[in-house]
Amino acid sequence: MTKIAGARTELYDGLRSSLPAWLFAHVFVLLVCLQLNHSNVFAPLEVWDTHWYLTEASGMAHGGNVFGDDTGVGGLAHFFPLTSLFVAGLTIVTRLPTEFVLFAFCWVLALVFGALVHVIAMRETGNRVTASRAAWLSQIAPGAFALVMGYTEPLAGVLAALYFLAVRRQRTGWAVAVGLLAGMSRPTGIVLALPGFIEAVRAARQAGWTPRSIVAGLLQSAAPGLGLLAYLGYCQLHFHNWILPFSEQVSSGNRGAVTQNPINTIQTLLTYHAVGILDTSLACAAIAIVALVACARRLPVSFTAWSAVMVVLGVTSPWFTSEPRYLAAIIPLLISLPMLLRQRWAWYTFVVVDLAFLYWVSWLALGWHQVA
């Protein structure tokens, strides 16, 4: 079997395993939407960032103001443009409504994300049960409700998965191309440079530190950073402010900070009696930490390093706003949890608890009770 045929078989197996989970999760979240809005089941999906991605994509497709909101030109610069660019391009080609294209694009990529999680799990563990459960978890983790919305999570997740597949197999060209896109997909895309560097060192050591292996490693590990720099360069040319995406992100009308001491967040939530948000956030953080420990024991160090940084970014997000969806997108944790919960009773007990959290987190976010 050729490499291409083998990759197609792996992807097909992943799609077949992920499709039931994808269907279940979408129906589950849509039922939450129906509970929140009996007249328009899709209306709750358009809250928070979905609205702004629609604004960006529509501006790109129809020649309107792309990065402008009520704060002025450049006010949307912190919404990294890659998802909007793809949606705008598809809107122009298909001539379909931008809103329809955004959700179709995100929903298809959510399925592909689950399939790629399955592929990575199979390659790293060789266990079909673990791979199948990881694919399910990619769709039903509490923060996976974002995969049903018009968010950048599906695209960013697919790019992260492809980057890991490329660097683990030392496919430098693919790693560079995907890494560049990942750096432009969202602010945390640059974190992929860390596992890219670790895998580059491993590959160079195996190759005897040849010049070719060193250069290849430097290219693949630098790619996410170069992708980020490309977008920051665009901001410098058009807005004369190369750090605009980050300064907008930390403005008082948005997150207010890149990170926040979780102790302060807990105190704030207690002050406002937001016990439901607090309990859910702490539970998600506890599950992630357990999964991270399992990851450190069972998966390559590059997986653990990336996961650790992403967990820290999740639990230090101001008011835990991004925590559930950040944690739900950490691929190694999606794999390590099924490896930890090998007994059938343990796994299905966890799934029941997980679905309860998925319902509650979806209800909080889609019902405007917690920023998503």
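Details of the structure are given in the entry above.
The following paragraphs examine the structure supplied in this document. (Residues numbered from 1 in each chain as written. Predicted model: local features only at pLDDT ≥ 70, side-chain atom pairs only at ≥ 80, totals over all residues. Heavy atoms only, no water.)

Section: the overall build of the protein chain
Working step 1: Assigned secondary structure in the protein chain consists of 16 helices and 2 strands.
Working step 2: Relative to a compact globule of 372 residues, whose C-alpha radius of gyration would be 21 Å, the protein chain shows 20 Å and is just as compact.
Working step 3: Oriented by its inertia axes, the alpha-carbon framework of the protein chain measures out at about 55 × 55 × 45 Å.
Working step 4: For the protein chain, the accessible surface area stands at approximately 16400 Å², while carbon and sulfur atoms represent 68% of it. (Helix = DSSP H or I, 4+ residues; strand = E, 2+ residues; numbered from the N terminus. Rg over C-alpha atoms; globule rule 2.2 N^0.38 Å. Areas by Shrake-Rupley, 256 points an atom, 1.4 Å probe, with all protein chains shown as cover.)

Considering the packing of aromatic side chains
Working step 1: Going through the model one piece at a time under the given rule, you end up with 17 aromatic pairs.
Working step 2: Between F86 and F105 the ring centres are 5.8 Å apart and the planes differ by 20°, which places this aromatic pair in the stacked class. Remark: F105 occurs in helix α4 (residues 98–125) and F86 occurs in helix α3 (residues 82–94); sequence separation between them is 19 residues.
Working step 3: We classify F86 as partly exposed; its relative accessible area is 36%.
Working step 4: Overall, the relative accessible area of 13% leaves F105 in the buried class.
Working step 5: For the pair Y234 and F239, a centre-to-centre distance of 6.4 Å together with 85° between the ring planes defines the contact as edge-to-face.
Working step 6: These aromatic residues form a ring-pair network of at least three members: F67, F80, Y231, Y234, F239 and F246. (Phe/Tyr/Trp six-rings, centres within 6.5 Å; stacked < 30°, edge-to-face > 60°. Buried < 20%, exposed > 50% of the residue type's maximum accessible area, 1.4 Å probe, protein only.)

Some words on the environment of L366
Working step 1: Checked against the element boundaries, L366 lands in helix α16 (residues 344–366).
Working step 2: By relative accessible area, which is 3% here, L366 ends up buried.
Working step 3: Not counting residues within four places of it along the chain, the set of residues in contact with L366 comprises V29, C33, L36, P44, L45, V47 and M149. (Contact = heavy atoms within 4.5 Å.)

Some details on a nonpolar patch on the surface
Working step 1: Taken together, the side chains of V27, L31 and L34 define a hydrophobic patch exposed on the protein surface, amounting to about 260 Å² of accessible area.
Working step 2: Position of V27 relative to the elements: it lies in helix α1 (residues 3–36).
Working step 3: The exposure class assigned to V27 is partly exposed, which follows from its relative accessible area of 46%. (Patch = residues over 30% accessible without salt bridge, like charges linked within 9 Å, V, L, I, M, F, W, Y side chains within 5 Å. Salt bridge = Lys/Arg side-chain N within 4 Å of Asp/Glu carboxyl O.)

Here's the deal with the packing of α1 against α16
Working step 1: Packing of α1 against α16 brings their axes to within 10 Å, and their N-to-C directions diverge by 45°. As far as their axial angle goes, α16 and α1 are oblique. Here the hand of the crossing between α1 and α16 comes out right-handed. Contact residues: F24, F28, V29, V32, C33, Q35 and L36 in α1; L355, L358, Y359, S362, W363 and L366 in α16. (Axes fitted to C-alpha atoms, helices over the stretch in contact; angles between N-to-C directions. Parallel < 35°, antiparallel > 145°, perpendicular 65-115°, else oblique. Left-handed = near helix turned anticlockwise from the far one by under 90°.)

Examining the side chain of T188
Working step 1: Within the fold, T188 resides in the loop between α7 (172–185) and α8 (193–206).
Working step 2: Ignoring anything within four residues of it in the chain, the contact list for T188 reads M310, L313 and Y326.

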